[in-house]
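Residue-level listing of the chains:
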Amino acid sequence: MIHSLSLASLTLARGERTLFRDLSLTLNAGEAVALTGANGAGKTSLLRAVAGFIRPETGEVAFHDADANAIDPTEARARQVHMLGHLEGLKGARTAREELAFQAGWLGQVHGGVDEAVQTLGLRPLLDLEVRKLSAGQRRRLALARLIAAPRALWLLDEPLSPLDARWREAVGALMTRHLDGGGLILAAVHDPLPIPARSVDVGAAR
Amino acid sequence: MSAVVILFRRELALAWGGGGGPLLACGFFVCLTTIVPLAAGGDLATLRPVAAGVAWLALALASLLSLERLFERDLEDGALDLLALGPLSLEAVVAIKAAAQWLATGLPLALAAPIAALALGQSIDLAPLTMLAALIGGLGFAFTGALGAALALGAKRGGLLIAIVVLPLFIPPVVFGAGALTRAAEGLSPWPAMALLTAYVLFAAVIAPPAGAAAIRGAQG
């Protein structure tokens, strides 16, 4: 299991534009880091680099287990990393039940995981609806369900709470706390503060 | 349930759900082959020599239809990120998607092919061979098409681009497939051409997954 994530002097560029230089960051089990910065500072790109979608110009993303042994990044991303971006990866024409079943199964659900996710995120009344009929907040809850149904150590979250109302922000905050208590790691790009104690890292400052 | 089965079932559900893509491809295929006698005249003496060629051309065009949704939709709604973080490599994802495309579109088209060829005046004795050749060729269309769809990712008017990229790559299977049927119609052995067709399909099945996966990584970055 991933015990720590370390970014060593990471430089990211999109096209010709350098987003930030020499950003270093270590995240250990049980910790949450909130990435802040202006629009376009590179918060989302940083998350995508950790997920392996963007190759950094320089620097390295490394995953280590509890004994400080390096985990192969491909293996870590295939089994232990969740990424939830602006786009939730949900198909509008399919029902919430079908999409949840696919996402949870694909990402490695545990026994009873889907039921637990449905329970904690209040999805039961939505399951038979087509995804396109859901509101933005309902869609986000459905997308968050995969984090619960298929437990993985590192959560990469991009504005995870923005479409949620106060009640669900609090509930998701509780889920995050539980994840951290269980030795999980959270790296989230945010504008509003997270509802949990989190170290704040300003991405824009590393320009 | 293994990840392969989970993804394969999702791909089939997506292909059949919402609009019935395979039926659309079959309808298109039937329309094309019906237009030919109307355009060239219904005389069997004219049609019979070109029946195999026309049927294969129609098959190739009909195979293009649903390629656009193979990766483009997943890129648009973010599902491609989800697929990239799954237990299987992107290479395997491409191969599974191509295989599902074949089962969803290639198989119905292969069932329709003998009927279309029959309507163009091909002898009924050739129906089993036509279906077999369309089945094998369809697999080649699916893998080559998946590669083209991956290469066209993120481009505006991707559907048109896919057609331009993929159609030239469809030439070998069309030549071998139609050649096999023409030879059989002339009383010669179709198997040399069928062997070439199979060789092309194997080639496409080996090349498409790594090349397609590389194209997807490029589109994601």
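Residues numbered from 1 in each chain as written. Chains lettered and ligands numbered in written order. Predicted model: local features only at pLDDT ≥ 70, side-chain atom pairs only at ≥ 80, totals over all residues. Heavy atoms only, no water.

Put simply, the rule is: UniProt positions are given in the numbering used here, feature names are shortened, and annotations may be inferred rather than shown by experiment.
In the annotation of an unreviewed UniProt entry, chain B is listed under the name Heme exporter protein B and assigned to Brevundimonas subvibrioides. Taken directly from UniProt, the Function (unreviewed entry) text for chain B runs: "Required for the export of heme to the periplasm for the biogenesis of c-type cytochromes." What UniProt states about chain B under its Subcellular location (unreviewed entry) heading is, verbatim, "Cell inner membrane".

Chain A is annotated in an unreviewed UniProt entry as Heme ABC exporter ATP-binding protein CcmA from Brevundimonas subvibrioides.

## Considering the UniProt feature "transmembrane region" (unreviewed entry) in chain B
Residues and elements named next belong to chain B. Stated formally: In this description a helix means any DSSP run of H or I spanning at least four residues, a strand means any run of E spanning at least two, and both kinds are numbered starting from the N terminus.
The sites that carry the UniProt feature "transmembrane region" (unreviewed entry) are, in the present numbering, residues 12-40, 46-67, 102-120, 132-154, 160-181 and 193-216. Across residues 132-154 one finds 87% helix and 0% strand; the C-alpha atoms that close the span lie 35 Å apart. End C-alpha to end C-alpha, residues 193-216 measures 33 Å, and it is 100% helix and 0% strand.

## Observations concerning the environment of Ala184(B)
Residues and elements named next belong to chain B. So the rule is basically this: Three labels apply to residues, based on accessible area from a 1.4 Å probe with only protein chains included: buried if under 20% of the type maximum, exposed if over 50%, partly exposed otherwise in between. By definition, residues are in contact when any of their heavy atoms lie within 4.5 Å.
Mapped onto the elements of the fold, Ala184 is located in helix α9 (residues 171-185). With a relative accessible area of 17%, Ala184 lands in the buried category. Residues Ala184 and Leu135 lie 49 residues apart in sequence; the distance between their C-alpha atoms is 17 Å. In contact with Ala184, not counting residues within four places along its chain, are Leu126, Leu129 and Pro190.

## Looking at the sheet that holds strand β6 (residues 81-84) of chain A
All names here are of chain A. This is how the line gets drawn: A pair of strands is labelled paired if DSSP reports no fewer than 2 bridges between them. Each axis is a line fitted through C-alpha atoms, taken for helices only over the stretch in contact, and angles between the N-to-C directions span 0 to 180 degrees.
The five strands lie next to each other as β6-β7-β8-β3-β9, forming an open sheet whose pairing is parallel. The open sheet has two edge strands with one neighbour each: β6 and β9 (199-202). Shown here is a sheet whose adjacent strand axes are inclined to one another by a mean of 15°, direction ignored. The strands touched by helix α6 (residues 166-181) are β3 (32-36), β7 (154-158) and β8 (185-189); relative to β8, the strand with the most contacts, the crossing angle is about 140°.

## Observations regarding the sheet that holds strand β4 (residues 58-64) of chain A
Strand order in the open sheet formed by four strands is β2-β1-β4-β5 (chain A), with antiparallel pairing between adjacent strands. For this open sheet the edge positions go to β2 (17-28) and β5 (70-71) of chain A, each flanked by a neighbour on one side alone.

## As for the domain arrangement of chain A
All names here are of chain A. Formally: The domain limits used here are those given by an automatic or database domain assignment. What gets called buried area is simply the loss in accessible area from a 1.4 Å probe that two parts show on being joined, summed for both. In the sections that follow, a salt bridge refers to a side-chain nitrogen of Lys or Arg positioned within 4 Å of a carboxyl oxygen of Asp or Glu. N or O atoms closer than or at 3.5 Å make up a polar contact, with two conditions inside protein: a donor-capable atom paired with an acceptor-capable one, and, for residues adjacent in sequence, both atoms drawn from side chains. Gly is put with the polar residues, along with every residue not named as nonpolar or charged; the nonpolar set is Ala, Val, Leu, Ile, Met, Phe, Trp, Tyr, Cys and Pro, and the charged set is Asp, Glu, Lys and Arg.
Examined at the domain level, chain A breaks down into domain 1 (1-80 + 153-207) and domain 2 (91-151). Centre-to-centre, using C-alpha coordinates, domain 1 lies 23 Å away from domain 2. At the interface, 13 residues of domain 1 touch 11 residues of domain 2. For the pair domain 1 and domain 2, the two sides together bury roughly 1000 Å², of which 70% comes from carbon and sulfur. For Arg178, the salt bridge identified is with Glu116, shortest N-O distance 2.9 Å. On inspection of domain 1 and its partner domain 2, the count reaches three residue pairs in polar contact (both at pLDDT 80 or more). Within the residue set of the side of domain 1 that touches domain 2, elements represented by two or more residues are β7 and α6. It is α6 that provides the largest number of residues to the side of domain 1 that touches domain 2, a total of four residues. Here the residues of the side of domain 1 that touches domain 2 are counted per class, giving nine nonpolar, one polar and three charged.

## Points about the pattern of salt bridges
For the structure shown, the criterion picks out 18 salt bridges over all chains. Here Glu88(A) and Arg139(A) are joined by a salt bridge, their closest N and O atoms 3.3 Å apart. Linking Glu88(A) in the loop between β6 and α3 (96-106) with Arg139(A) in helix α5 (residues 136-149), this pair joins segments that are 51 residues apart in sequence. Put simply, Asp74(B) and Lys97(B) hold a salt bridge, and the shortest N to O gap is 2.6 Å. Remark: Lys97(B) occurs in helix α6 (residues 90-119) and Asp74(B) occurs in helix α4 (residues 68-76); sequence separation between them is 23 residues.

## Observations regarding the interface of chain B and chain A
Chain B puts 25 residues into the contact, and the matching count from chain A is 24 residues. Considering only the surface of chain B that becomes buried against chain A, Leu82(B), Leu85(B) and Pro87(B) emerge as the three largest contributors, covering 35% of it. Along the contact surface separating chain B from chain A lie three salt bridges. The closest approach of N and O atoms between Asp74(B) and Lys91(A), which form a salt bridge, is 2.5 Å. Counting across the chain B and chain A interface gives eight residue pairs in polar contact (both at pLDDT 80 or more).

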